[in-house]
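Chains, contacts and geometry: an overview
Listed here are the chains, written in short residue letters.
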2 protein chains.
Amino acid sequence: MLEEGAETASPTTRVSTRAKRPTMADVAARAGVSRALVSIVFRNEPGASRETRERILRAADELGYRPDNAARLLARSRSMVLGVMINIRNAFHADLVEAIYAEAERLGYEVLLSALGPTRDERKVVEALLGHRCEALILLGPNAETAYLAELGAHTPTVVVGRRAPASGVDTVHTAENKGMRQGVDHLVGLGHRAIVHIDGGDEPGSAERRQAYCAAMRDHALQDEIRVLPGDHTEESGKTAGETLLHDDRLPTAVLAGNDRCAMGLMNALSRAGVSIPKDISVIGYDDSHIAHLSHINLTTVRQDAEQMATLAVRSAVERLDDHRLPSRELILDARLVVRGTTAPPRHRDRS
Amino acid sequence: MLEEGAETASPTTRVSTRAKRPTMADVAARAGVSRALVSIVFRNEPGASRETRERILRAADELGYRPDNAARLLARSRSMVLGVMINIRNAFHADLVEAIYAEAERLGYEVLLSALGPTRDERKVVEALLGHRCEALILLGPNAETAYLAELGAHTPTVVVGRRAPASGVDTVHTAENKGMRQGVDHLVGLGHRAIVHIDGGDEPGSAERRQAYCAAMRDHALQDEIRVLPGDHTEESGKTAGETLLHDDRLPTAVLAGNDRCAMGLMNALSRAGVSIPKDISVIGYDDSHIAHLSHINLTTVRQDAEQMATLAVRSAVERLDDHRLPSRELILDARLVVRGTTAPPRHRDRS
DNA sequence: ACACTCGTCTATCGCGCTCTAGTCACCGCT
DNA sequence: AGCGGTGACTAGAGCGCGATAGACGAGTGT
């Protein structure tokens, strides 16, 4: 089994096991038919008899033939590929991607992933995706300015997930941030909290809405004097920083609404290192309900975004826009729902703190 | 700003902003040169004067031209694309991917990601990758049987990361599992533990080695009677299940070596829900040192695998094999190192438990 | 005057596939 | 016989690009 095929190899020829990959022409020759017929068979189109179909498939199998997507894409007007930009560190994106694959497959599309990274900014990721002939883009939580998104949307169907993006030609799918935050504040106030801090998400998608909703909800509870927004973003690091800031104060707030789950994780990390117990000393609420939130022993109270529904709608939007380019921009807003778990509890009595 | 461009659109023509994407020919026409020259410029090859170069680039920019990768790949013998299979739920894979992007870019390669999922098994992922003309495959923690990997390796340079895969034509990069596990056991024994359970990873990459190393290390400490291996895999779910199993016993072990970090997370989840405190009541060690392990407030003691080095070596292996197909299979084994954090401590005195 | 080189640019083939417009044999029908 | 119709198959153009061989003019040396 090892090193078979060596008998045909002269000193100058390549090792035969790594010969050029077979093409349609090879399959056609072996099956004794024309290239076109092989194409028909592989596209599963009518126009070939049962026997030849089998003969061709057998020949292809023997040669280890595999259709070449690049050539396919090139020859076809449509590529049937959706490009998805992800932050590979973001557990919520993982949830989204799984659902995107499922829905794309259902609709007959392929999915290409490209991840952000320290050396890969959003433009680079988008370039890579477009370079691979993606027909449409699905951007998970992009930070890019609206103008850039609009520019993209002008020539490529683009769906932004997880943030508002009022650009013509761009569809957006996001949750009703205000509802989610409001529920969070209501829950905490219901437990008896008053000193409720919000860690902001900075430029991150959805942050502005969450911040505003927090302020509005606090005011509605006549807690406008307790409003406090700490700077941050959507990484664990920012949660940690915010935690350290809080620890420097002479008195901790009794509850924190983090910008997202990752931020909440970092925050809890910093707090528990300092001996602060959650939820006894302080309550924490996250945002996303990524799989990490409920599987880790953190058992985080958080605002649930329905990843599956978001992903499904995003894919459908993209495909619908592909079918009809003149569709007006749509903004799909899903409901958010607070999921109460173990990181929230009534506050300690403050009178002896 | 809304609906601009409508002035050029007759009822039957497409909205002009979404016309066909421009090609080299369009750029050439606009710049008043031949197609070939545009090609030269975009490949950054010598053979064009400074002025025409600029003129062409300007024309391309005005048209919003973007080279088409599919066509590029097709025309070129080389595609310069590496295909990477990931489990998008696995935080350690995220660490690996970031480093893979970096090294690939350094060597002039592109990276295509394809993720496993409920409806996407390994074969499907590999098919997708190969279909997109990846020259080489990097498989992160594949479960596939060796025969299949060997088959892949026979026609495509393949690098397996995170597990042994003794197949000709396949390179592997993994850590010295035995060293890592041994350090874990040594650490626990040094703290005074004796009842040390291991949660197995089942078919998951590296599991067999970890299991064997655990058993060997236990024997070396004359703890062969304490050896206990619970079934599991590398998901949070399996850790949870194992935790429940342990909780059913009349007496908990004093320490657990989980199959990986995710398993450890699930385990800690189950235990702490049941009121078991970590590390006071029980010590837990993970495996991978994924970014989750140190950023979450879990502060997990774990066996560090150097993601960056693994990724770098994997990419280099793939590229070297691409340069010379006849290279013998290599197995690169990196050192593992226990990182002691907060989930391990001396055991409670057992005499009153 | 010649051949020769060099830098700049062009014509053209082919990558592996899809897809339109056919060809061809065979059928039942008038 | 002649007709249109149908199912099975093929020829060939073209997708957007890379790459090679060569064209062309300007300079160089003899």
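What counts, and where the lines are drawn
- Residues numbered from 1 in each chain as written.
- Chains lettered and ligands numbered in written order.
- Predicted model: local features only at pLDDT ≥ 70, side-chain atom pairs only at ≥ 80, totals over all residues.
- Helix = DSSP H or I, 4+ residues; strand = E, 2+ residues; numbered from the N terminus.
- Buried ≥ 20, exposed ≤ 12 C-beta atoms within 10 Å, placed from the backbone.
- Contact = placed C-beta atoms within 7 Å.
- Pairing = 2+ DSSP bridges.
- Axes fitted to C-alpha atoms, helices over the stretch in contact; angles between N-to-C directions.
- pLDDT = per-residue confidence, 0-100.
- Least-squares fit on C-alpha atoms with pLDDT ≥ 70 in both.
- Near = placed C-beta within 6 Å.
- Nonpolar A, V, L, I, M, F, W, Y, C, P; charged D, E, K, R; others polar.
- Parallel < 35°, antiparallel > 145°, perpendicular 65-115°, else oblique.
- Left-handed = near helix turned anticlockwise from the far one by under 90°.
- Core = buried A, V, L, I, M, F, W, Y, C linked by C-beta atoms within 7 Å.
- Expected span 1.5 Å × (residues − 1).
- Right-handed = clockwise from strand over helix to strand, strands pointing away.
- Arc of directions from axis to C-beta.

With that settled, consider the overall build of chain A. Counting its regular elements, chain A contains 13 helices and 12 strands. For chain A, the C-alpha atoms occupy an extent of roughly 90 × 50 × 35 Å along the three principal directions. Taken over 353 residues, chain A has a buried fraction of 51%. Pairs at least 24 residues apart make up 69% of the contacts formed inside chain A by residues separated by at least 6 positions.

This next bit is on the sheet that holds strand β10 (residues 301–304) of chain B. Residue and element names in this part refer to chain B. Here six strands make up an open sheet; going across it, the order is β7-β6-β8-β9-β10-β12 and the pairing mixed. Only two strands of the sheet have a single neighbouring strand rather than two, namely β7 (228–230) and β12 (337–339). Taking the axes of each pair of neighbouring strands and ignoring which way they run, one obtains an average angle of 25 degrees across the sheet. Sheet topology places strand β6 (residues 196–199) next to strand β8 (residues 255–257); three bridges connect them, and they run parallel. Residue pairing across strands places isoleucine 196 opposite alanine 255, the latter belonging to β8. Helix α8 (residues 177–191) rests against β6, β8, β9 (283–288), β10 and β12 of the sheet, and its axis sits at about 45 degrees to β12. Packing against the sheet, helix α9 (residues 207–220) makes contact with β6, β7, β8 and β9, and its axis sits at approximately 170 degrees to β6.

Glancing now at the confidence of the model for chain A. Confidence along chain A averages 87 in pLDDT terms, with 92% of residues attaining 70 or more. Predicted confidence is poor over residues 1–17 of chain A, with pLDDT under 50, and the contacts of this stretch with residues over four places away or in other chains come to 12 contacts.

Take unusual backbone geometry next. Residues and elements named next belong to chain A. At the junction of isoleucine 278 and proline 279, the peptide bond is cis and its omega measures out at 10 degrees in the coordinates. Locating proline 279 in the fold gives a position in the loop between α11 (261–273) and β9 (283–288). One non-glycine residue, arginine 133, lies in the positive phi region at around 70 degrees. Its place among the elements puts arginine 133 in the loop between α6 (122–131) and β3 (136–140).

This paragraph deals with the relation of the copies chain A and chain B. For these two chains of identical sequence, chain A goes onto chain B by a turn of 180 degrees and a shift of 0.0 Å along the axis, with RMSD 0.1 Å. As the rotation angle and translation indicate, the two copies are arranged about a two-fold axis. Within chain A, the C-alpha atom positioned nearest to the axis of rotation is that of alanine 70 of chain A, 2.3 Å from it. Mapped onto chain B, 100% of the interface residues of chain A are again interface residues, and the two copies thus contact each other with one and the same surface.

The subject of this paragraph is the protein's contact with DNA strand D. Lining the immediate surroundings of DNA strand D are 25 residues, of which Ser34 of chain A together with Thr23, Met24, Ala71 and Ala75 of chain B lie closest. Secondary structure elements with two or more residues in the surface near DNA strand D: α2 (35–42) and α4 (69–75) of chain A together with α2 (35–42) and α4 (69–75) of chain B. If you tally residues by element for the surface near DNA strand D, the top one is α4 of chain B, at four residues. Residues that form the surface near DNA strand D fall into these classes: 13 nonpolar, six polar and six charged.

Okay, the protein's contact with DNA strand C next. Around DNA strand C sit 26 residues in total, of which Met24, Ala71 and Ala75 of chain A together with Ser34 and Ala36 of chain B are the nearest. The set of elements that each furnish at least two residues to the surface near DNA strand C consists of α2 and α4 of chain A together with α2 and α4 of chain B. Tallied by class, residues from the surface near DNA strand C come to 13 nonpolar, six polar and seven charged.

Turning our eyes to something else, we now look at the packing of α8 of chain B against α9 of chain B. Residues and elements named next belong to chain B. At their nearest, the axes of α8 and α9 sit 8 Å apart, and the two run at 40 degrees to each other. For the element pair α8 / α9, the angle class is oblique. Note on packing geometry: the crossing formed by α8 with α9 is right-handed. Contacts between α8 and α9 involve Glu177, Asn178, Met181, Arg182, Val185 and Asp186 on the former and, on the latter, Glu209, Arg210, Ala213, Tyr214, Ala217 and Met218. In terms of residue class, the contact of α8 with α9 is built from six nonpolar, one polar and five charged.

Now for the nonpolar core. If you look at the biggest cluster of nonpolar residues, it comprises 170 residues, and the most contacted ones within it are Ile100 and Ile138 of chain A together with Ile100 and Ile138 of chain B. In contact with isoleucine 138 of chain A, not counting residues within four places along its chain, are Leu82, Val84, Ile100, Val159, Val161, Ala314 and Ala318 of chain A.

This part takes up the environment of serine 290 of chain A. All names here are of chain A. Take serine 290: it is sitting in the loop between β9 and α12 (291–295). Sequence separation between serine 290 and alanine 25 is 265 residues, and the spatial gap between their C-alpha atoms is 48 Å. Residues contacting serine 290, with those up to four places away along its chain left out, are Ala91, Phe92, Asp95 and Asp261.

Residue and element names in this part refer to chain A. The strand order β7-β6-β8-β9-β10-β12 describes an open sheet built from six strands, whose pairing is mixed. A strand with exactly one partner marks an edge of an open sheet, and here the two such strands are β7 (228–230) and β12 (337–339). Strand-to-strand twist in this sheet, taken as the mean axis angle between neighbours without regard to direction, amounts to 25 degrees. Strand direction decides the pairing type here: strand β6 (residues 196–199) and β7, joined by three bridges, are parallel. Among the inter-strand pairings, valine 197 is bridged to a residue of β7, identified as arginine 228. Set on the sheet, α11 makes contact with β6, β8 (255–257), β9 and β10 (301–304); between it and β9 the angle comes to about 150 degrees.

Residues and elements named next belong to chain B. The first and last C-alpha atoms of α8 sit 21 Å apart over 15 residues, in line with the 21 Å expected at 1.5 Å per residue. Among the residues of α8, those classed as buried are Glu177, Gly180, Met181, Arg182, Gln183, Gly184, Val185 and Leu188. One or two positions beyond α8, positive phi appears at glycine 192, with a value near 110 degrees.

Attention now moves to the environment of serine 168 of chain B. Residue and element names in this part refer to chain B. Inspection of the secondary structure puts serine 168 in the loop between β4 (158–161) and β5 (170–175). The partly exposed category is assigned to serine 168, around which 14 C-beta atoms lie within 10 Å. Along the primary structure serine 168 and arginine 330 are separated by 162 residues, whereas in three dimensions their C-alpha atoms are 8.9 Å apart.

This part covers the pairing of β6 of chain A. Judged by which residues are buried, β6 of chain A turns out to be covered on both faces: Ile196 and His198 of chain A on one side and Val197 and Ile199 of chain A on the other are all buried. After leaving β6 of chain A, the chain enters helix α9 (residues 207–220) of chain A and then returns to the sheet as β7 of chain A, a path that is right-handed.

So, about α9 of chain B. Residues and elements named next belong to chain B. Between its first and last C-alpha atoms α9 spans 20 Å; for 14 residues at 1.5 Å apiece the expected length is 20 Å, and the two agree. Along α9, the residues classified as buried are Ser207, Arg210, Arg211, Ala213, Tyr214, Ala217 and Met218. The buried side chains of α9 occupy one side of the element, clustering within an arc of 165 degrees when seen end-on. Elements that come into contact with the buried residues of α9 comprise α8, β6, β7, β8 and β9. At the exit of α9 stands alanine 222, carrying a positive phi of roughly 60 degrees.

A word on the interface of chain A and chain B. Interface size is commonly expressed as the accessible surface area that is lost when the partners come together. Between chain A and chain B, the contact holds 52 residues from the first and 54 residues from the second. Every element with two or more residues in the side of chain A that touches chain B is listed here: α4, α5 (91–106), β2 (110–115), α6, α7 (146–155), α11 and α12 of chain A. When residues in the side of chain A that touches chain B are grouped by element, the largest group, six residues, is from α5 of chain A. Counted by class, the side of chain A that touches chain B contains 23 nonpolar, 17 polar and 12 charged residues.

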